[in-house]
Amino acid sequence: MTEFRNLLAALLAEIFACAGNPDYFTPEEATENRQRLQEFEQLYRNRQLVCHSDGSVGLVPNAFGKQEVQSAGAGYTIETKEGLVLEEAYLPLPLIYDGKPVTSLVAEYEAVLYCLQTLATTHSHPEILQIEFFADSEILVRQVNGESRTRIEAQKRMKREVLAYAKRFASI
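Residues numbered from 1 in each chain as written. Predicted model: local features only at pLDDT ≥ 70, side-chain atom pairs only at ≥ 80, totals over all residues. Heavy atoms only, no water.

**Points about the overall build of the protein**
Then, in step 1: Helix and strand counts for the protein come out as five helices and six strands.
Then, in step 2: Taken from N to C terminus, the helices and strands of the protein fall in the order α-α-β-β-β-β-β-α-β-α-α.
Then, in step 3: The proportion of buried residues among the 172 residues of the protein is 37%.
Then, in step 4: For the protein, the accessible surface area stands at approximately 10700 Å², while carbon and sulfur atoms represent 52% of it. (Helix = DSSP H or I, 4+ residues; strand = E, 2+ residues; numbered from the N terminus. Buried < 20%, exposed > 50% of the residue type's maximum accessible area, 1.4 Å probe, protein only. Areas by Shrake-Rupley, 256 points an atom, 1.4 Å probe, with all protein chains shown as cover.)

Structural data, given as structure tokens:
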């Protein structure tokens, strides 16, 4: 966060100190610097985001009365603190995950990962983002927070991925 503020302060100082000197910036450079400043200001204002994720698995009984996975998906929304929706997305998931039918918990992890990957790759400065994250899976939240053990290898791997992505942001 300090690095971002220093960068913004340096850019502001350069623009304001040289604004009156026509030999310092060409009109195109001055316009470009103003645009960069506006982008930084917008970026700084939208650094606090609220994310909601959800994963689901649709089950149907087969001919023998056992439940089978019919559909699976992961989705998320990203909003500003003021409630402006910046992005929402849905990802259909494969019905088989690591050789086994996909579970609700795997779908929940996929939703969280999908959201964090999007933020990390599409935001120009993910290190300044302060994210308030909501997931409706109590098991997932407890596992990620270290309050519950993760026993299944696929879930352990997904938990490690979530924690690795979390390090890219100012806070979650």
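**A short note on helix H5 (residues 153-166)**
Then, in step 1: With 14 residues, H5 ought to run about 20 Å at 1.5 Å a step, and its terminal C-alpha atoms sit 20 Å apart, in line with that.
Then, in step 2: Every buried residue of H5 is listed here: Ala 154, Gln 155, Met 158, Lys 159, Val 162 and Tyr 165. Taken end-on, H5 shows its buried residues confined to a sector of 135°, consistent with a single buried face.
Then, in step 3: In this fold, the buried residues of H5 make contact with strand S4 (96-97), helix H3 (104-122) and helix H4 (138-144). (Expected span 1.5 Å × (residues − 1). Arc of directions from axis to C-beta. Contact = heavy atoms within 4.5 Å.)

**Focus: the packing of aromatic side chains**
Then, in step 1: What the rule picks out here adds up to one aromatic pair.
Then, in step 2: Pairing Tyr 76 with Tyr 114 gives two aromatic rings, centres 5.0 Å apart and planes at 80°, and the pair type is edge-to-face. Placement of the pair is Tyr 76 in strand S2 (residues 67-80) and Tyr 114 in helix H3, with a sequence separation of 38 residues. (Phe/Tyr/Trp six-rings, centres within 6.5 Å; stacked < 30°, edge-to-face > 60°.)

**Some words on the pairing of S2**
Then, in step 1: The buried count for S2 comes to 10 of 14 residues, which makes it a mostly enclosed element.
Then, in step 2: The pairing of strand S1 (residues 48-61) with S2 spans 13 bridges and is antiparallel. Following the sheet pairing, Val 60 is matched in S2 by Glu 68.
Then, in step 3: Taking the residues that link successive antiparallel strands as the turn, the S1-S2 hairpin has five residues, and the phi of Gly 65 there is positive, at about 85°.
Then, in step 4: With seven bridges joining them, S2 and strand S3 (residues 85-92) adopt antiparallel strand pairing. Paired with Gly 75 across the two strands is Tyr 90, which belongs to S3. (Pairing = 2+ DSSP bridges.)

**Thoughts on the nonpolar core**
Proteins that are soluble and globular tend to have nonpolar side chains buried together.
Then, in step 1: Membership of the largest hydrophobic core comes to 31 residues, with the highest contact counts inside it found for Ile 78, Val 102, Leu 119 and Phe 169.
Then, in step 2: The element contributing the most residues to this core is H3, with 11 residues.
Then, in step 3: Excluding anything up to four places from it in sequence, Val 102 contacts Val 57, Val 69, Ala 72, Pro 94, Leu 95, Ile 96, Tyr 97 and Ala 107. (Core = buried A, V, L, I, M, F, W, Y, C linked by side-chain atoms within 4.5 Å.)

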